[in-house]
Amino acid sequence: MLRATFQGNGQFAQPLLYIMLVVLLVTAVLQIKFLNQAMATNPATVVVPTNFVFFTVSAIIGGVVFYQEFRGLGLLEIVMFCVGCCLCFAGVRFITLAHEVAPRRESQDLAAPYISAPPTLFGVADDNNSDRFVLIHSRESSPARHDSFDR
């Protein structure tokens, strides 16, 4: 589209440009919305690799269909491409398995005593260590999550 526009054939009068922009914006907003929901309810070691796999699969399928990437390739080359993708996805699965095997202990919630402390600019002040703040996140659909960080 850009090449055609620079060659003098303006594309701003074509409805396809506006359809593509709307689809791009809608899918970007939906992806951010669902990624935020997943991050609020699941650990990052599961969400990020899963997002990577689904994005990669969609990019591969889109490239295969739109650019006809497999045209002219032999059966062995196509199979090896698919095996490479499966190996990549298996590695991502092993990363998520490492987190699923180790159960999360609820007794390690160190931020619980600081929930009633007076709020500061960045969160809730830690009375024992002035260089540390505790941020409290709560959602209606999930229990409160506590993150702490050093200044």
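Residues numbered from 1 in each chain as written. Predicted model: local features only at pLDDT ≥ 70, side-chain atom pairs only at ≥ 80, totals over all residues. Heavy atoms only, no water.

### Regarding the side chain of T96
Right, so step 1: Relative to the assigned elements, T96 resides in helix α4 (residues 75-101).
Right, so step 2: Within the structure, T96 has its side chain in polar contact with the backbone oxygen of R93 (distance 2.7 Å).
Right, so step 3: Sequence-distant contacts of T96, defined by excluding residues within four places in its chain, comprise T45, V46 and P49. (Helix = DSSP H or I, 4+ residues; strand = E, 2+ residues; numbered from the N terminus. Polar contact = N/O pair within 3.5 Å; in protein donor to acceptor, adjacent residues only side chain to side chain. Contact = heavy atoms within 4.5 Å.)

### Considering the packing of aromatic side chains
Right, so step 1: Tallied over the full model, the rule gives two aromatic pairs.
Right, so step 2: Ring centres 4.8 Å apart and planes at 90° place the aromatic pair F66 and Y67 in the edge-to-face group.
Right, so step 3: You can call F66 exposed: its relative accessible area is 63%.
Right, so step 4: Each ring, one from F70 and one from F81, has its centre 5.3 Å from the other, and the planes form 75°; the classification is edge-to-face. Note that F70 is positioned in the loop between α3 (44-67) and α4 and F81 in helix α4, a separation of 11 residues in sequence. (Phe/Tyr/Trp six-rings, centres within 6.5 Å; stacked < 30°, edge-to-face > 60°. Buried < 20%, exposed > 50% of the residue type's maximum accessible area, 1.4 Å probe, protein only.)

### Structural notes on the packing of helix α2 (residues 15-41) against α3
Angle between the axes and distance between the axes are the two parameters that describe a pair of packed helices.
Right, so step 1: Following both chains from N to C, one finds α2 and α3 inclined at 150°, their axes separated by 9 Å at the closest point. When the axes of α2 and α3 are compared, the pair comes out roughly antiparallel. Seen from α2, the contacting residues are Q31, L35, A38 and M39; seen from α3, they are A44, V47 and N51.
Right, so step 2: Of the residues in the contact of α2 with α3, the class split is five nonpolar, two polar and no charged. (Axes fitted to C-alpha atoms, helices over the stretch in contact; angles between N-to-C directions. Parallel < 35°, antiparallel > 145°, perpendicular 65-115°, else oblique. Nonpolar A, V, L, I, M, F, W, Y, C, P; charged D, E, K, R; others polar.)

### Digging into α3
Right, so step 1: If you check α3, its first and last C-alpha atoms are 33 Å apart, about what 24 residues at 1.5 Å a residue would give, namely 34 Å.
Right, so step 2: Three or more residues of α3 are buried, namely V46, V47, P49, V53, T56 and G63.
Right, so step 3: Two residues or fewer after α3 comes Q68, characterised by a positive phi angle close to 50°. (Expected span 1.5 Å × (residues − 1).)

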